[in-house]
Amino acid sequence: MASLGSVSFLIETSSTSCSSLRQRRVSCWKRPHFVAVYGRNTLDSNGVVCKMGSFRVPKGEISRRGLRAAGRSESIEGEGEGEGRGGNEGEVADEMLRATIKQSKEVLARQKDLLRQIEERRKLVSSIKSSSANIEMDVSSSNESDRYFQNMNQSLASADGKYRCPPDSEKTDESNILYDNETENNSPDKHSVADALGLLRESGAEVAHSEITSPSLLEVSAPYLIKEESFEDLKEADIEGANVKLDGTPEEGIKDSPPLAGANVLNIILVAAECVPWSKTGGLGDVAGALPKALARRGHRVMVVAPRYGNYSEPQDLGVRKRYKVEGQVMEVSYFHAYIDGVDFVFIDSPIFWHRENDIYGGNRVDILRRMVLLCKAAVEVPWHVPCGGVCYGDGNLVFIANDWHTALLPVYLKAYYRDHGLMKYTRCVLVIHNIAHQGRGPLKDFFYADLPGHYMDLFKLYDPMGGEHFNIFAAGLRTADRVVTVSHGYAWELKTSEGGWGLHGIINENDWKLQGIVNGVDTKDWNPQFDVHLKSDGYTNYSLETLQRGKSQCKAALQRELGLPVRDNVPIVAFIGRLDYQKGVDLIAGATPWIVGRDVQLIMLGTGRKDLEEMLRRFERQHHDKVRGWVGFSVKMAHRITAGADVLLMPSKFKPCGLNLLYAMMYGTIPVVHAVGGLRDTVRQFDPYSETGWGWVFDRAEAGRLIDALGNCLNTYWNYKNSWEGLQRREIMQDLSWDNAAQQYEDVLVAAKYQW
Ligand SMILES: Nc1ncnc2c1ncn2[C@@H]1O[C@H](COP(=O)(O)OP(=O)(O)O[C@H]2O[C@H](CO)[C@@H](O)[C@H](O)[C@H]2O)[C@@H](O)[C@H]1O
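Keep in mind that what you see is a predicted model, and the values were worked out from it rather than measured.

The rules behind these values
Residues numbered from 1 in each chain as written. Predicted model: local features only at pLDDT ≥ 70, side-chain atom pairs only at ≥ 80, totals over all residues. Heavy atoms only, no water. Helix = DSSP H or I, 4+ residues; strand = E, 2+ residues; numbered from the N terminus. Buried < 20%, exposed > 50% of the residue type's maximum accessible area, 1.4 Å probe, protein only. Axes fitted to C-alpha atoms, helices over the stretch in contact; angles between N-to-C directions. Parallel < 35°, antiparallel > 145°, perpendicular 65-115°, else oblique. Left-handed = near helix turned anticlockwise from the far one by under 90°. Contact = heavy atoms within 4.5 Å. Nonpolar A, V, L, I, M, F, W, Y, C, P; charged D, E, K, R; others polar. Near = heavy atom within 4 Å. Polar contact = N/O pair within 3.5 Å; in protein donor to acceptor, adjacent residues only side chain to side chain. Areas by Shrake-Rupley, 256 points an atom, 1.4 Å probe, with all protein chains shown as cover. Domains from an automatic or database assignment. UniProt positions renumbered as here; feature names shortened; annotations may be inferred. Buried area = accessible area lost by both parts, 1.4 Å probe. Salt bridge = Lys/Arg side-chain N within 4 Å of Asp/Glu carboxyl O. Pairing = 2+ DSSP bridges.

To continue, consider unusual backbone geometry. The omega torsion of the bond from V276 to P277 falls at 10°, within 30 degrees of zero and hence cis. Among the secondary structure elements, P277 is positioned in the loop between β6 (267-271) and α9 (283-297). With a phi close to 50°, E327 is a non-glycine residue in the positive phi region. Note on placement: E327 falls in the loop between β8 (316-326) and β9 (329-340). In this structure, D451 takes a positive phi of about 60° despite not being glycine. With respect to the helices, strands and loops of the structure, D451 is situated in the loop between α12 (447-450) and α13 (457-460). Under the relative-accessibility criterion, D451 is labelled buried at 15%.

Relative orientation of the contacting elements helix α10 (residues 365-385) and helix α11 (residues 409-418) amounts to 60°, with a least axis distance of 9 Å. It follows that α10 is oblique to α11 by the angle criterion. Here α10 and α11 pass one another in a crossing that is right-handed. Along the contact surface, α10 presents V373, C376, K377, A379, V380, E381 and W384, while α11 presents L409, L410, Y413, L414, Y417 and Y418. In terms of residue class, the contact of α10 with α11 is built from 11 nonpolar, no polar and two charged.

So, about the site of the ligand. Around the ligand, the surrounding shell holds 27 residues, and the nearest of these are K280, D286, H434, K584 and C658. Within the side chain of K280, an N or O atom sits 2.8 Å from an oxygen atom of the ligand. Take R579: an N or O atom from its side chain is 3.3 Å from an oxygen atom of the ligand. Surface burial for the ligand is 97%, taken as the share of its 700 Å² of free accessible area covered by protein chains. Among the secondary structure elements, those contributing two or more residues to the shell around the ligand are α9, β19 (602-607), α20 (636-645) and α21 (660-667). A total of four residues in the shell around the ligand trace back to one element, the largest contributor, which is α9. Per-class residue counts for the shell around the ligand are 11 nonpolar, 11 polar and five charged. Split by domain, the residues of the shell around the ligand number at least three in each of domain 1 (267-517) and domain 2 (547-735).

Bringing the UniProt feature "domain: Starch synthase catalytic" (unreviewed entry) in the protein chain into the picture now. Per the UniProt record, the feature "domain: Starch synthase catalytic" (unreviewed entry) sits at residues 267-509. In residues 267-509, the share of helix is 30% and the share of strand is 28%. The end C-alpha atoms are 30 Å apart.

Domains assigned within the protein chain are domain 1 (267-517) and domain 2 (547-735). Measuring from the centre of the C-alpha atoms in domain 1 to the corresponding centre in domain 2 gives 33 Å. Across the contact, 16 residues belong to domain 1 and 13 residues belong to domain 2. Taken over both partners, the interface formed by domain 1 and domain 2 buries close to 1100 Å², and the fraction arising from carbon and sulfur atoms is 58%. Here domain 1 is connected to domain 2 by one salt bridge. At the junction of domain 1 with domain 2, the criterion picks out eight residue pairs in polar contact (both at pLDDT 80 or more). Of all the secondary-structure elements, those providing two or more residues to the side of domain 1 that touches domain 2 are α9 and α15 (489-494). The element that contributes the greatest number of residues to the side of domain 1 that touches domain 2 is α15, accounting for five residues. For the side of domain 1 that touches domain 2, the class distribution of residues is six nonpolar, seven polar and three charged.

If you walk across this open sheet you meet the nine strands as β8-β9-β10-β7-β6-β11-β12-β16-β17, and the pairing is mixed. Strands at the two margins of the open sheet, each flanked by one partner only, are β8 and β17 (515-517). Going across the sheet, the axis of each strand differs from the next one's by a mean of 25°, ignoring polarity. Sheet topology places strand β7 (residues 301-307) next to strand β10 (residues 343-349); six bridges connect them, and they run parallel. The partner of A306 across the bridge, within β10, is F347. Contacting β6, β11 (398-403) and β12 (428-433), α11 runs over the sheet at an angle of about 160° to β12. Lying over the sheet, helix α14 (residues 473-480) contacts β12 and β16 (483-486), oriented at roughly 135° with respect to β12.

Below you can see the structure in the form of structure tokens.
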């Protein structure tokens, strides 16, 4: 065995409570890392009970004393009486490790046995289910089966033994929620989890200690890797590759590449009113479709919950039925599920959502409110009722991600219905602000629809100089969420100003400590010129950095043909894609249009929104038919094709939290001309012709004249400095705009929320 030098690692010691956990530092020759050994409490030589639940070898704890000097004889440091500091501590450490290893092996054997029993039980349940017409979930495929155990393994890793649906008696009156006991009792998966925990507890394996707040997948699975009796034989790789197969042997792939999230693996449920590819009105849908996949790639167990607006092909009815009260009316919901790209997509089905895919936020104020109340009430209980891959998520080690005002009731329900009553104690909720301009405002009497205890009213109250005191859902969400994220650093700053906070800046400033900006990413499968499915027909083509010039020219010609514009390669296409409203600065484009059409330029605009602006697009097209196209409508295909075929993308937004279109444009080598605001300021660096740096043109005041200046410089470069232009395109394409970086930052926020009390 090669000596790796000594390091320190922590052994959590305790008997009962979290507060009494004491940490002891013991030397070990291992590289700094994290090890966990799960099982019963065990000894230390000083009579202190050592919990086998967590051996930590954190980075930065390396101590070269002791082992190097005395062949693994090292001092034990720690607090409290009986913490040995004397000569035979190396032996003590050895002995403890041996005891630990021995006990781990016993636990392993017991857990293997239990997992086998669970599998048998699952098969039984599965056969019962398949004979039930009501329940359509297919748990018999081998993939699902694998996942079941993977999930089970992960579930067992979660804290506090909370992998059970609370009995009805635990549910609070305040929730006013009706439970369909019949279906609940029929939920085999819930029982599977509860049974598994029961069995594990019976076996003495301490999988659910309330005093251990956050054991993770790694922590539970690590003991399987301790294969040898002796201290010396603890291999570095065993600890590094902390995961196992059902038979207890280390799983190959996983052993080689542990989850990127490491010990921070969480159960995450993102709840949103829209989710790509099933529903989308704007950037929120894109985020809900892509961020969860990036989090899943980091090793988290991730679910998305969204309404089922249409008859989607992939998601299948799980056969679970629940009833919730909305405005005094009982509404039954069912749950549809699809497992795609490592994410559980769960759709809440109710007639209230049907056929709304093209009008998600349509109807009057109360209609929308009722839909969002139902979505949030159902979503907060999804971790108990909806078995994904056979196992519910459970409410321990769980963080919700709510998005915008539509789901801002989620943290409020979590608190009012559960956490105030000692339930879901370990569940957290992070609220993401995509656009503060929409807040779920209404008169104070709207509080009635929220269905909350009277004393919650104050959370919703907001005084507004325009409308006086009113009911504001975003306000309550911001006040109750454990953490708040917004989609860029620039916007995080703007939100705190009276101009950018839209009346909520006071609350945001009060809660500044929990606000963080994280710039959105790009779904590089969906928005990537190399793979874009919308470029595979009608004369378009996929392209990459290597084929950029040829590919983009071909896409440009195809776009001109498709829209009936003159097909010319040397004319720049300037594009705009987005909602036609005040926020997007369409009035600036209107002001600049006379200047634009006076040049050898083609202008293409795609959008829907305000009727007067839609009419304006049509008018521009009529007046300048050889140069302008105004496509009024919502077409994802056209958005992709315009992004690929255009040379320049205009984003003159008055405020812009992030601006996904801009990120997409840069992925496709399309040069942005943007107003320096919010996320746009974060993501576009002004082109500098002297140093040949930057990615586009930025103007600092939302005025048509400023837009014209910036666009003029941009077009000048297009016409006269081809090398600089190609350099801009190359720099853009070479950026890493994927979600991976953002997902890692989200993970930090989620973990911070988890450990927050
Ligand atoms: N007519 C049309 N046809 C087809 N597709 C269309 C379209 N109009 C818009 N889109 C698409 O909708 C999305 C718009 O996303 P944005 O980020 O620009 O703005 P949005 O204001 O919706 O999102 C809010 O949330 C997102 C996500 O956090 C933030 O980036 C943003 O700043 C914030 O305002 C893009 O995918 C775009 O292609």
